[in-house]
Amino acid sequence: FLSLCGCLSPVPDRSRNWTIGHIKGESSRLVGGKREVVKISRVDVRAPYDGTRLAVLRADGSLAFDPANVFAASPSRLLSGAAYDAVEASGFAATVLDSKTAAPSNLLLELVVTRLALDCRTPGSRSASVEVTLRLLESRKTVSVARAEASVPIDEPDYTKSFSVAFSRAMTEALERL
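So, how was this worked out
Numbering of residues begins from 1 in every chain and follows the order in which that chain's sequence is written. For this predicted model, a pLDDT threshold of at least 70 governs which residues receive local features, and a threshold of 80 or more governs which side-chain atom pairs are given and counted, while totals over whole chains, interfaces and linings are taken from all residues. Only hydrogens and water are set aside when side-chain values are computed; all heavy atoms of the structure are taken into account. For the purposes of this entry, the term helix denotes a DSSP run of H or I that reaches at least four residues, the term strand denotes a run of E that reaches at least two, and both are numbered from the N terminus. Three exposure classes are used, based on accessible area relative to the maximum for each residue type with a 1.4 Å probe and protein chains only: buried under 20%, partly exposed in between, and exposed over 50%. A carboxyl oxygen of Asp or Glu within 4 Å of a side-chain nitrogen of Lys or Arg is what we treat as a salt bridge.

**With respect to unusual backbone geometry**
Excluding glycine, a negative phi dihedral is what most residues carry, and trans is how most peptide bonds are arranged. Following Ala47, the chain continues into Pro48 via a peptide bond in cis, with omega recorded as 10°. Positionally, Pro48 belongs in the loop between β2 (35-45) and β3 (53-58). Even without glycine at this site, Arg140 takes up a positive phi of about 70°. Secondary-structure assignment places Arg140 in the loop between β7 (127-138) and β8 (141-153). Taking relative accessible area as the criterion, Arg140 reaches 70% and is therefore assigned exposed.

**A short note on the pattern of salt bridges**
Evaluated as defined, the whole model comprises seven salt bridges. The partner of Glu131 in a salt bridge is Arg115, with the nearest N and O atoms 3.8 Å apart. Taken together, the positions of Glu131 in strand β7 and Arg115 in strand β6 (residues 107-120) put the pair 16 residues apart, joining distant regions of the chain. Judged by its relative accessible area of 24%, Glu131 falls in the partly exposed class. Among the charged side chains, a salt-bridge network with shared partners connects Arg42, Asp44, Glu110 and Arg135.

Any functional reading would require information that these geometric values do not contain.
Dropping the structure here:
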């Protein structure tokens, strides 16, 4: 009976689930943040990076998806919380609101992630690669746009740490440019 339940059979290889968060040590406090309230109105991850399987940039220019390493949820859901934490830690505004709140704000911040991939284009190395675009809107009109990217080498298979550091660095740089 136990063998029918899989208790005595070998465990099949399972995918490893990773997440992305904001790393506080990777952000710098902006000096003179004059904004009172900003609301993160949108977090979007562009295709083909919006799936749960890690996108892999290969040396031949092609893109693959790693079946053994996946994000624990959709990247846009993971990055919603990380973006909130990054903006709050930066001092960009005195108060940061997330998109789910009904509280209004004249200042809106939109985040579009244009690359979220495991970069294996250089033989013998791999890195977490993140590219972001931030758009600041005031009364629904664009005030400023900033782009930034970060790449973090992966020495040990801790994709959570590497992608979190890369995202935090890219967000900090983009916020400084706004």
